[in-house]
Every structure is written in structure tokens, then in C-alpha cells.
Amino acid sequence: MKKVQKIQGWALFIILLIIGLLMVYPMIWMLVSSVKSANEILNQPLQLIPRSFHFDNFTNALKAAPFMQWLWNSAWTTVVIVFMQLFFSSLIAYALTQFKFMGRNVLFAIILATYMLPSATTYIPSYVILGKMHLINSLIGLVISNLANVFVIFLLRQSFMSVPKGIIEAARSDGASEWTILWQIVVPMNKNAVLNATLIGFITNFNGYLWPSLLLNDTKKQVISVGLNSFSNTQGAFDQTFPIIMAGTTIAVVPLIIVYVILQKYFVQSSKTSSIKG
Amino acid sequence: MEMKASKRQLLLFVVIPLIPLVVFWIIPLIVSLWLSFTDWNYISPTFDYVGIKNYTQLFASQDFQQAFAHTAYFTFFSVVPIIVFGFLLAVGLNKLKRSYKFIQALLFAPWVTPLIGMSIVWGWIFNSKVGPINQILHILHLPEPQWLTNPTAAMWTIIIVTIWKNAGWAALFFSDALAKIPSSLFEVSDMEGLSWWQKIWYVLIPLVSPTTLFLVIVMILECLQAYDQITVLTQGGPAGSTTTLLYLYYQLGFKQFQMGSATALSIVILVISAILAYISIRMSRKHTYY
């Protein structure tokens, strides 16, 4: 009986390991193809260990398109967006849970009713509004149009609800200002929710495509997803351009793989909170 | 007790942080609804009110009907396998004694990596000439479909990429739900002498059903908003065979500048999403998730 269970355990492990490896196969295949020569890919596309390493695919890709500029654009806009979303959302979530004011229930009802709605519905009016602000084709416009995120407000509000009233009252009677209570007591007490919102915000904004693709035109001003896709389109799906496209894609994808490997356990936890992306 | 906020506090905590929310979320939602009753074409400074004409024209148009059918097909054949695979993976994961975290990390990786980049890679994996999939099919003497140029196959390419991205994510939720089932239930089912599939069918599936319903709704919403894999792999083609409602919205609004029809379509997508969101909120009040 014990032995049978042990064999079953191993069989299960191997099956799941194979499925897991199949899931990351596209990433592995991308990495491998990015250092192969065009001929080798065409002749032996299944070969997982390249016969010779062609790192010039990367220098060619970097010469053909401003990947570093694109990565930098994505990185700084993502950091600013995530930070500002957390900042504003914390304030609103605090007000929703700790203040009495006119319209509070209406405000929460609006947030609850709209946090799962498709952001695509807002694109045409948002585009016009940004046009009026002269912020089309501008990374500042991308940041400003993303400052609000109903999902983050909702997430923080649900988490802030669990802070015991006594703690806040004690802080108030000690003479702490509401600002101090929020940033020094409530936010640290809810660091899990804040971390979740940070990681989900990081992924959705860094990987975001449709909205930035509508907003940004200049090559220099692209974010990485949009830049990569236009790079891949201009190179075309020809056999000879295949390695350089894989090298470009690798440049775009590897930063996230590295972040994921380092922060893996937090990502797995956080993703469960993201019932829907913003 | 909640505190009655002073004017200064309201300004700092509510009014200022609400500005971006109002300008780029609430107003655009309302303006979209309003534009859907006009014939605005983006370039012209004037427009007329046309009542519900955009909606009646949209519902009557073949483009919309096809896109609706494609979206339903795409959503159904993506969501069902995501839920089934996600559940089975979770059952396997939770029985695993070693390397649980490692395998979980592998399964979950597709959700983190940028879908634009990975769709470019998938495009080459499905390439009918050099892609590994057809190479393997060739070795096995199986038919080699023209993945991206045949209408049915193109839809399935999009579906496969969507399943790949979300199955591991669904597994995480099921894995949590399964871990919370009290072990005494398993002891009882062992004593009753249930076989493994009876255990799955009569014990596990009913107990995770709140999670299943929640995942079904979230995944339908995800499919309604699918865009990246479509724009990279097929751009809605061949011959419109992978044009979903959201992709049609993009074409109407940002290629043809028919803002009236586009916003009307976006309101249709919004209403479908709102109904699903409403069901999910009602559900989460009724059930505590296991």
C-alpha cells in the first residue's frame, strides 16, 4: 500500500512537472531562438540547445529599435502610476472607512458598481479629454489618465475596514492628525493589501497595451509593449527576421521574468486578490 | 465612531484624490453613453442626436452579429477549459508532497509575462512552416493546420493562448479553496469507500462551487476584454473570423472614427459586464468562499 502511494506520488509529480514546463515552454523557446541563427531555427526549430550562440541578434535588435528607451518609458510611467494610485486610493479609502461626510454612500456605491466595468468604455472620451489638455502622444498624458483606479480604491477600502476602531480612536485622543493616522498606522497595518495592489498595478501597467497604443505615436515615446509590437510588425514575419524579433521580444520580456523570479511568492499571493484588472 | 470630517480634511482626503477618478473614469463613462446617441465622427466639430439609431444599426449589422457570435464562441471555449484545467491542476497540486511551490511558480508564470511579447512568440510557435507545433504534428503524421490563416484554426490559436495565460491563475484559486476543505470530510469519504472520481464528483466539485462561479464570471470578463493576443496574432482576421466585440469597438472607434457606433458598442460590452459584475457581487454576499 505504502509503495503504491509512493509511486503514485512520483507519477503525479512528473505529470505536473511536465505541464509546468509546457507552460514556460514559450519563454524557453523564445530565449533559445534569440541566440540561434536564422538557418538553425529554420532547419531545427525543435532543438533546445543552440549549436552556436549568436549574441549579435541582440546588438542588431538594439540597433534597429530604441528598446532601452521603451523599457525606461514603461518603467518610470509604471512606477509613477502605481505610486500615485496607491497615494490617492489610500486617501479615499481612509475617508470612506473613517469619515462621515455627505455623499459617502453614493461614492462607495459608484466605486462598487463600476470597478469591474471594462476600461475600454472610457477610451474615446478620455482620448478627447487628453486632447483638450494637449496631452495626446505624451507619456505625461498616459500617467495622468491612469491616476485613478477604482479597483485599488475598492481593494484598500475592503482592507481598511478591518482596522479596529479602538486603535484609531486612541490615536485621535493622543492628538494624532488624520494624515498621520493614515500613513503611520492604517497603511502599515494593511501592508498586505498595499503590496498586492502594488504588484498587480506593476504587472497591468508595465504589460498594458491597448490604451498606450492609442495614445502614443512617436517611436521614441512608446512604452515597451507597443514598441515591441510595432518592431515585430516592421520586421515582418520572414524567416530571416525571426532571430532579431525573438531577441527584441526577449529584451522586452526578460525584465519581468527576473522580477517574477525574485518576487515569485508575493506574486502568487497577490494575484489572488486581483479579481479583475484595472 | 466615525468622525465628521472638516472642510479641510474633505478637500485633502476626498475632493483632490477624486479629481482623476471623476475626469478619467466617471465622466468618460457618462460621455460614452451620451456619444452613443450622436453621429459624431471625431473630426467634425458638430454632431446631431440620432436617438437609438446607433444601437438599432449596430444590432442589425452583420459585423456586430458576427463579432457577437465570435465573442461567445471564444469565451465559451476559453472559459470551460480554463476552469476544468485549473481545477484538475489544483487537485494535483494539493496532493503533491514535494516541489509544490516550484511547480506552482511555473504554472503561474504566463499570467505575469507580457501578453504582447508572448503572443509574438506564440505566433512563431504556430507558424505553419517553421513553428514547433506543426513540426511535431509532422513527425506524428498528423494534419498540420494553417493556424493563422484558416478562420477556424485562427480562432483556436487565440483560444489556446488565452487558456495558456489563465489556467494556472485559476488553479491558484482552486488550490486555495481545496486547501480549506476540512480533512475530516476526506476521512468520511474514505470510510464510505468512495473511488477517487466519486470523491472529486461528490465532494470536491460541490465544495468549490462558489470559487468556480466566481472564476467563471471573472474569466468571462477577461475574455470580453481580450485584445493583446488578437491584435498580435490575427488582427481580427482572417476575414473577420477572430474579431470580437472589443476588437470591433477598436476598429469602429479608432480606425473608422464612427464614434457613435463605437460608443454604442462599448455600452453594450459595459452592460454585459455590469450584469456579470452584479451577479458576482450578489454571490459574494451570499457565500463565503471556501
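Residues numbered from 1 in each chain as written. Chains lettered and ligands numbered in written order. Predicted model: local features only at pLDDT ≥ 70, side-chain atom pairs only at ≥ 80, totals over all residues.

An unreviewed UniProt entry annotates chain B as Melibiose/raffinose/stachyose import permease protein MelD originating from Periweissella ghanensis. In UniProt, chain B has this text filed under Sequence similarities (unreviewed entry): "Belongs to the binding-protein-dependent transport system permease family." According to UniProt, the comment filed for chain B under the heading Subcellular location (unreviewed entry) is "Cell membrane". (UniProt positions renumbered as here; feature names shortened; annotations may be inferred.)

If you check an unreviewed UniProt entry, chain A appears there as L-arabinose transport system permease protein AraQ from Periweissella ghanensis. Note on chain A: under the UniProt heading Sequence similarities (unreviewed entry), the record states "Belongs to the binding-protein-dependent transport system permease family." Recorded in UniProt under Subcellular location (unreviewed entry), the annotation for chain A is "Cell membrane".

(A) Summary view of the overall build of chain A. The helix and strand tally for chain A stands at 15 helices and one strand. A compact globule built from 278 residues would reach a C-alpha radius of gyration of about 19 Å, whereas chain A, at 24 Å, exceeds it by more than 25%. Along the first, second and third principal axes, the C-alpha atoms of chain A reach 75 × 70 × 30 Å. Out of the 278 residues in chain A, the part that is buried amounts to 44%. (Helix = DSSP H or I, 4+ residues; strand = E, 2+ residues; numbered from the N terminus. Rg over C-alpha atoms; globule rule 2.2 N^0.38 Å. Buried ≥ 20, exposed ≤ 12 C-beta atoms within 10 Å, placed from the backbone.)

(B) Focus on the interface of chain B and chain A. Listed per partner, the contact involves 83 residues of chain B and 71 residues of chain A. Grouping the amino acids of the side of chain B that touches chain A by side-chain chemistry returns 61 nonpolar, 15 polar and seven charged. Bridge count between strand β1 (residues 99-100) of chain A and strand β1 (residues 3-4) of chain B: two bridges; the pairing is parallel. Residue pairing across strands places A:Lys100 opposite B:Lys4, the latter belonging to β1(B). (Contact = placed C-beta atoms within 7 Å. Nonpolar A, V, L, I, M, F, W, Y, C, P; charged D, E, K, R; others polar. Pairing = 2+ DSSP bridges.)

(C) Main features of the UniProt feature "transmembrane region" (unreviewed entry) in chain B. Sequence positions flagged by UniProt for "transmembrane region" (unreviewed entry) are, in local numbering, residues 12-37, 72-93, 105-125, 153-179, 200-220 and 262-281 of chain B. For residues 105-125 of chain B, the end-to-end C-alpha separation is 22 Å, with 90% helix and 0% strand making up the annotated structure.

(D) Focus on unusual backbone geometry. Between B:Gly237 and B:Pro238 the backbone carries a cis peptide bond, its omega angle lying at -10 degrees. Within the secondary structure, B:Pro238 is located in the loop between α11 (228-233) and α12 (245-254). Its identity is not glycine, yet A:His134 carries a phi of approximately 55 degrees, on the positive side. Along the chain, A:His134 falls in the loop between α6 (123-132) and α7 (139-145). Despite not being glycine, A:Asn137 has its phi angle at roughly 60 degrees, a positive value. As for its placement among the helices and strands, A:Asn137 is situated in the loop between α6 and α7.

(E) Structural view of the UniProt feature "domain: ABC transmembrane type-1" (unreviewed entry) in chain B. In the numbering used here, UniProt assigns the "domain: ABC transmembrane type-1" (unreviewed entry) feature to residues 68-280 of chain B. With 77% helix and 0% strand, residues 68-280 of chain B has end C-alpha atoms that lie 22 Å from one another.

(F) Expanded view of the packing of α6(A) against helix α1 (residues 7-35) of chain B. At a minimum axis distance of 7 Å, the contact between α6(A) and α1(B) shows a crossing angle of 115 degrees. The pairing of α6(A) with α1(B) is recorded here as roughly perpendicular in orientation. Taken as a pair, α6(A) and α1(B) cross one another with a handedness that is right-handed. Across the interface between the two elements, A:Ile124, A:Pro125, A:Ser126 and A:Ile129 of α6(A) pack against B:Val23, B:Phe24, B:Ile27, B:Pro28, B:Val31, B:Ser32 and B:Leu35 of α1(B). Per-class residue counts for the contact of α6(A) with α1(B) are nine nonpolar, two polar and no charged. (Axes fitted to C-alpha atoms, helices over the stretch in contact; angles between N-to-C directions. Parallel < 35°, antiparallel > 145°, perpendicular 65-115°, else oblique. Left-handed = near helix turned anticlockwise from the far one by under 90°.)

(G) Focus on the nonpolar core. Of all hydrophobic cores here, the largest spans 157 residues; its most connected members are B:Phe108, B:Ala170, B:Ala171, B:Phe174, B:Leu246, B:Tyr249 and B:Leu265. Ranked by residues supplied to this core, first place goes to helix α7 (residues 151-179) of chain B with 16 residues. Setting aside chain neighbours within four positions, we find B:Phe108 in contact with A:Val268, B:Gly168, B:Trp169 and B:Leu172. (Core = buried A, V, L, I, M, F, W, Y, C linked by C-beta atoms within 7 Å.)

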